Amino acid sequence: MTKNNIFSCHLDLPYSAVNANGRVKVDWLLNAFQDAASQQCHTLGISGFDMAKKQLKWVVAQYKINIHDQIPWLAPLTLSTWRAPWKNLYEIRGFSMGINSKPPLVTAESIWILTKASNGKPVRLKPYMPEILMQDTAEPAELIKPKDDFGEYQHEAIFPVQFIDLDLNQHVNNRVYLRWAVESLPDPYCFEYTPVTCEVIYRKEGLFKDKISSRIRMIFSDSGLTTHHSIRKTATQEELARLTLCWKKFTLQNLFNNHE
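> How should I be thinking about the overall build of the protein chain in this particular structure?
Scanning the protein chain from terminus to terminus reveals four helices and 10 strands. Reading the protein chain from its N terminus to its C terminus gives the helix and strand order β-α-α-β-β-β-β-β-α-α-β-β-β-β. Rg of the C-alpha trace for the protein chain: 19 Å, near the compact-globule value of 18 Å for 260 residues, within the 12% margin. By principal-axis analysis of the C-alpha atoms, the protein chain measures approximately 50 × 50 × 30 Å. Once local pairs closer than 6 in sequence are excluded, the contacts in the protein chain between residues at least 24 apart make up 70%. If you sum the accessible surface of the protein chain, you get close to 13900 Å²; carbon and sulfur atoms cover 52% of it. Charge separation in the protein chain, taken as the distance between the mean sites of 30 positive and 27 negative side-chain charges, equals 5 Å.

See below:
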């Protein structure tokens, strides 16, 4: 993907973004990504607010996140993001988070689709985007293609959709699905492993007061743990999201001690 017209911002890893294991909360990363992307889109005139005036909305379809190393608390981070269209069908947006000129601590790629606000159907980008933003095209994304049947699972957690989970479209925010997946990893594994890669496919929209089932299938290996997740509405069993996370094992230390 091209990195022309990169937007960068500076932030410190806040205390609220650190979990009980002293690692970054992966759903916080999605918040940070969305904030940076929204700021750049605002400067380009293609933000969610701009598109709402055209009866359109941006919808995230997929995320791939790689956590290469631990992010220290209060680390002076630079978060960079860039976007480009692919074949007039959707936007590919990349992210990189790191400290100064060192190798990035986190990288990510996402796919965003422009849809009609009235019915959610995708539209072509070109009629609604400034011409200059359609000139610098992206490399084709490697799409995530899970099996249709989720199959057997070892654990299930139930969550209600609360008001705090909703975005401006009054749908469940994209970060919440990742939180539900992480929260479904049972004890003691949630204290023994930390995620290093996350793949998310968003399929349907969760709504206020839905009850959500987060199913997890766990596969252990010498290199760590891989978990497959299916997020569903309990009432209809309609699948809202499919996720795959890879985890590494680490030694749990007190939050206020130095970490590996």
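Still more to cover.
> In this structure, what is going on with the nonpolar core? I would like to understand it.
When a protein is soluble and globular, its nonpolar side chains tend to lie buried together. Residues L29, F33, Y63, I65 and M97 are the most contacted members of the largest nonpolar core, which totals 65 residues. Here this core gets nine residues from one element, more than from any other, and that element is helix α1 (residues 26-44). Of all hydrophobic cores here, the second largest spans seven residues; its members include W86, Y90, I111 and A138.

> In this structure, what is going on with the packing of aromatic side chains? I would like to understand it.
Two aromatic rings are characterised by how far apart their centres lie and by the angle between their planes. Counted according to the given criterion, the structure contains 10 aromatic pairs. Between Y189 and F220, the aromatic rings sit 5.2 Å apart at their centres with planes inclined by 50°, giving tilted as the arrangement. With Y189 in helix α4 (residues 189-192) and F220 in strand β8 (residues 211-221), the pair connects residues that are 31 residues apart, well separated along the chain. Under the relative-accessibility criterion, F220 is labelled partly exposed at 42%. Among the aromatic side chains, those forming a connected cluster through ring pairs are F159, Y177, W180 and Y202. R23 extends its terminal NZ or CZ atom over the ring of F250, reaching a point 4.2 Å from the ring centre.

> Teacher, can you tell me more about the state of the cysteines here?
Any covalent bond linking the sulfur atoms of two cysteines counts as a disulfide. Inspection of every chain in the model, using the stated rule, returns zero disulfides. C198 forms no disulfide, and the closest cysteine sulfur to it belongs to C246, at a distance of 8.7 Å. By relative accessible area, C246 is classed as partly exposed at 28%.

> How should I be thinking about unusual backbone geometry in this particular structure?
Trans peptide bonds make up most of the peptide bonds, and negative phi angles are found at most residues other than glycine. For the bond from D187 to P188, the omega torsion is 10°, close enough to zero to count as cis. Residue Q55 is not a glycine yet carries a positive backbone phi of 60°. Note that Q55 resides in the loop between α2 (48-52) and β2 (56-67). The phi dihedral of Q237 is positive, around 65°, even though this residue is not glycine.

Here is what the cut-offs are and how they apply
- Residues numbered from 1 in each chain as written.
- Predicted model: local features only at pLDDT ≥ 70, side-chain atom pairs only at ≥ 80, totals over all residues.
- Heavy atoms only, no water.
- Helix = DSSP H or I, 4+ residues; strand = E, 2+ residues; numbered from the N terminus.
- Rg over C-alpha atoms; globule rule 2.2 N^0.38 Å.
- Contact = heavy atoms within 4.5 Å.
- Areas by Shrake-Rupley, 256 points an atom, 1.4 Å probe, with all protein chains shown as cover.
- Lys, Arg positive; Asp, Glu negative; His and termini not counted.
- Charge placed at Lys NZ, Arg CZ, Asp CG, Glu CD.
- Core = buried A, V, L, I, M, F, W, Y, C linked by side-chain atoms within 4.5 Å.
- Buried < 20%, exposed > 50% of the residue type's maximum accessible area, 1.4 Å probe, protein only.
- Phe/Tyr/Trp six-rings, centres within 6.5 Å; stacked < 30°, edge-to-face > 60°.
- Lys NZ or Arg CZ within 6 Å of the ring centre and 35° of its normal.
- Disulfide = S-S within 2.5 Å.

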